[in-house]
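Chain by chain, the residues:
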Amino acid sequence: MRLKVTCEDRLGLTRELLDILVEHQIDLRGIEIDISGIIYLNFPTLDFAALQHLMPAIRRIPGVFDVKTIACMPSEQEHNAIMALLKALPDAVVAVDTRGQITLANDAACALLDQSPQQLVQQPLGPLLKGVHVGRWLEQASPQPLSEKVTLDSEPYLADFLPIWVTEESGDQSLAGAVVVFKSAYRIGQHFKVMRSRDSGHFDGFVAQSPAMEKLLREARRLATLDAPLLIQGETGTGKELLARACHHASLRGEGPFILLNCAAIPDDAAENELFGYAAGAFGNNTQGKRGVLDQANGGTLLLDEIGEMSALMQMKLLRVLQDGVFRRLGDEQEVKVDIRVICTTQQDLATLVQGGQFRQDLFYRLNVLNLRIPPLRERQKDILPLSQHFCIRFAAELERPRPRLARSLSDYLQHYPWPGNVRQLRHSLYRAISLLEGDELSLTELALPEQNSLQGLDTLCEGSLEDAVKGFERILLERLYPEYPSTRQLAKRLNISHTAIANKLKDYGIGKHKK
């Protein structure tokens, strides 16, 4: 039982209170005094009759204002709160005294060290942490907070050593021990990923009102925070490099370098120089040496642009770096270890190149760990007008002229034009048109787009029978509409036929999830 006695601050009052407990033969287990005028008593549970006599006796003491029962002592409440907090913490927490012996360990610490709280208490922490001298740190005149990398159960952890200081009555501080918090490298990485994933501003440069583009950006935000190689596929002009840069800035390497290497533009005789660099004196009188792109990208991201154009020699040289993370500069005997993330872009089908022997199979599987496909502009019709408006605003500001309107006929034309050059072609066409525009309205005449066959493959369709031509047209129509209506019910409603018929046709032609 616990009592809370509210009273005045009077000399001898506590003694009178204790005398009453002696008179009633009550064993006192604990007493706490608050300078605000409260005395807390802890003693065995009393029966109702004994309590009826005790309470009035205490109230009759001069200076006592109130007496009532309470659930726990202040120290017990504080202890329970601390234990609840430690139990809820996912990180392992251990408290030690000035000798480095464990005085307290939460559930996570017991699980990590594979011992019960009873086994850990009074056990020295130092021997459990290889390479960290806990006792030596505590013996310093004024130990400062310390962070050390430790290995527990074959896993890396960051151990934060935090000294506990107690202020004495004289005002001086004395060391009472320390708290050690163990944070797993995995959890630290997860925290950074969460922070990065919430910062979606890196992808704000993309217009995404079509389902295909919304899906792409959702996937890109998730894959950006990972460290595995990323393969970005898409036709020319779709924005592969822009997406690669956004993924880099949204990753944990966002503050590191972003180095681009155009694989199609490097001849074999310069491939090793570009990739690995060379040591001083490697060529004639050269005394400076050169850092290769692998060295320059250390700690950041290396973008291999148009990886499908990489020569066989370069593929072989790159494979070892991806396997071991080490390379040698030309003319240098020492190996260099690098920490890079590789992002590759291509407008080719690498799997087809592998089958044709033009791309190494082992390198393909090294690079194709994570992948993204940027849809061509013709598959994201809902983005065409927003993109056009975006470019009109941007170019009008650059050219210091009023923003032009888009003629209705031009808007319709833009949405049905096949855009073989994708977003790049749209951007360049609008820039040229706005530069030469004399009025305030853009029309089809100013845009001057090259004519395109609106039905690609028409010549091929005309070569077979009528049935083959009808099936060919049907396939082209479904391929064109599916990105905008990416479910059998949506597409069936658009074409006014049953969704079962649409599902069968998509399966027959290998479209959507049935893609072969």
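Described below are features of the structure shown in this document. Within any chain, residue numbers begin from 1 and follow the written order of that chain's sequence. A pLDDT threshold of at least 70 governs which residues receive local features in this predicted model, and a stricter bar of 80 or more applies before side-chain atom pairs are shown or counted, although totals over entire chains, interfaces and linings include all residues. Values shown for side chains rest on all heavy atoms present in the structure; no hydrogens or waters enter the calculation.

## As for the overall build of the protein
Okay, step 1: Helix numbering and strand numbering both begin at the N terminus, where a helix is a DSSP run of H or I of at least 4 residues and a strand a DSSP run of E of at least 2. On a plain count of helices and strands, the protein comes out with 22 helices and 20 strands.
Okay, step 2: C-alpha atoms define the radius of gyration, and 2.2 Å times the number of residues to the power 0.38 defines the globule rule. Over its C-alpha trace the protein gives a radius of gyration of 37 Å, far above what one expects of a compact globule, namely 24 Å for 516 residues.
Okay, step 3: By principal-axis analysis of the C-alpha atoms, the protein measures approximately 115 × 70 × 55 Å.
Okay, step 4: Taken over 516 residues, the protein has a buried fraction of 40%.
Okay, step 5: We call two residues in contact when some of their heavy atoms are within 4.5 Å. For the protein, the share of sequence-separated contacts (at least 6 apart) that also reach a separation of at least 24 residues comes to 63%. The buried label goes to any residue with under 20% of its type's maximum accessible area, the exposed label to any with over 50%, and the partly exposed label to all in between, with areas taken from a 1.4 Å probe on protein chains only.

## Remarks on the packing of aromatic side chains
Okay, step 1: Each Phe, Tyr or Trp ring (for Trp, its six-membered ring) is paired with any other whose centre lies within 6.5 Å, and the angle between the two planes then decides the class: stacked below 30 degrees, edge-to-face above 60, tilted in between. Counting across every chain of the model gives 8 aromatic pairs.
Okay, step 2: Between Phe-276 and Phe-327 the ring centres are 5.6 Å apart and the planes differ by 25°, which places this aromatic pair in the stacked class. Of this pair, Phe-276 sits in helix H10 (residues 268-276) while Phe-327 sits in strand E15 (residues 326-328), and the two are 51 residues apart along the sequence.
Okay, step 3: On the basis of relative accessibility, which here comes to 6%, the residue Phe-276 falls in the buried class.
Okay, step 4: According to the relative accessible area criterion, Phe-327 is buried, its value standing at 2%.
Okay, step 5: Taken together, Phe-391, Phe-395 and Tyr-431 form an aromatic cluster joined through their ring pairs.

## Looking at the sheet that holds strand E6 (residues 102-105)
Okay, step 1: Two strands are said to pair when DSSP picks up at least two bridges between them. Reading across the sheet, the 5 strands line up as E6-E5-E9-E8-E7 and stay open at both edges, with antiparallel pairing between neighbours. Two strands bound the open sheet, and with one partner strand each, they are E6 and strand E7 (146-152). If you compare each strand with its neighbour and ignore which way they point, the axes differ by 25° on average. Note on geometry: axes are lines fitted to C-alpha atoms, helical ones only across the stretch in contact, with angles between N-to-C directions running from 0 to 180 degrees.

## Overview of the sheet that holds strand E14 (residues 301-305)
Consider a sheet: its strands pair through backbone hydrogen bonds, and that pairing is either parallel or antiparallel.
Okay, step 1: Ordered in space as E11-E14-E17-E10-E18, the 5 strands form an open sheet in which the pairing is parallel. The two strands at the open ends of the sheet, each matched to only one other strand, are strand E11 (258-262) and strand E18 (370-373). Direction aside, neighbouring strands of the sheet carry axes that sit 20° apart on average.
Okay, step 2: Pairing geometry for E11 and E14, over 5 bridges, is parallel. Across the sheet, the residue bridging to Leu-261 is Leu-304, located in E14.

## Quick notes on the pattern of salt bridges
Okay, step 1: Take a side-chain nitrogen of Lys or Arg and a carboxyl oxygen of Asp or Glu: if they are within 4 Å of each other, that pair is a salt bridge. A complete count under the given rule lists 20 salt bridges for this structure.
Okay, step 2: Of the charged contacts in the structure, one is a salt bridge between Glu-8 and Arg-10, with a shortest N-O distance of 3.6 Å.
Okay, step 3: Linking Glu-379 and Arg-373 is a salt bridge whose minimum nitrogen-to-oxygen distance equals 3.3 Å.
Okay, step 4: Accessibility expressed as a relative area gives 18% for Glu-379, which makes it buried.
Okay, step 5: Among the charged side chains, a network of salt bridges with common partners joins Glu-8, Arg-10 and Glu-16.

## Observations regarding the nonpolar core
Okay, step 1: Ranked by internal contacts, the top residues of the largest apolar core, which has 32 residues, are Leu-261, Leu-294, Leu-302, Leu-304, Ile-307 and Phe-359.
Okay, step 2: With 4 residues, helix H12 (residues 312-324) is the largest single contributor of residues to this core.
Okay, step 3: Every residue in contact with Leu-294, bar those within four places of it in the chain, is listed here: Leu-275, Phe-276, Leu-302, Val-321, Phe-327, Val-338 and Ile-340. Only buried residues count toward a nonpolar core. Its members are Ala, Val, Leu, Ile, Met, Phe, Trp, Tyr and Cys residues joined through side-chain atoms within 4.5 Å.

## As for the packing of helix H15 (residues 384-398) against helix H17 (residues 422-436)
Okay, step 1: Axis separation between H15 and H17 bottoms out at 10 Å; the angle between their running directions is 45°. With respect to their mutual orientation, H15 and H17 come out oblique. Seen from above, H15 lies across H17 with right-handed handedness. Across from Ile-384, Leu-387, Ser-388, Phe-391, Cys-392, Arg-394, Phe-395 and Glu-398 in H15, the residues of H17 making contact are Val-423, Leu-426, Arg-427, Leu-430, Tyr-431 and Ile-434. By definition in this entry, angles of less than 35 degrees are roughly parallel, angles greater than 145 are roughly antiparallel, angles of 65 to 115 are roughly perpendicular, and the rest are oblique. For any helix crossing, the convention is left-handed if the near helix is rotated counterclockwise from the far helix by under a right angle, and right-handed if that rotation is clockwise.

## Some points on unusual backbone geometry
Okay, step 1: Unlike most non-glycine residues, Asp-114 shows phi in positive territory, near 55°.
Okay, step 2: If you trace the backbone, Asp-114 turns up in the loop between helix H4 (107-113) and helix H5 (117-120).
Okay, step 3: A relative accessible area of 68% means that Asp-114 is categorised as exposed.

## Examining helix H20 (residues 466-481)
Okay, step 1: With 16 residues, H20 ought to run about 22 Å at 1.5 Å a step, and its terminal C-alpha atoms sit 22 Å apart, in line with that.
Okay, step 2: Three or more residues of H20 are buried, namely Ala-469, Gly-472, Ile-476, Leu-478 and Leu-481. For a helix, the expected span equals 1.5 Å multiplied by the number of residues minus one.

## Some details on the packing of H20 against helix H21 (residues 488-495)
Okay, step 1: Between H20 and H21, whose axes approach to 11 Å, the crossing angle comes to 120°. Judged on the interaxial angle alone, H21 and H20 are oblique. The two elements H20 and H21 cross, and the hand of that crossing is right-handed. For the pair H20 and H21, the contacting residues are Leu-477, Leu-478 and Leu-481 in the first and Leu-491, Arg-494 and Leu-495 in the second.

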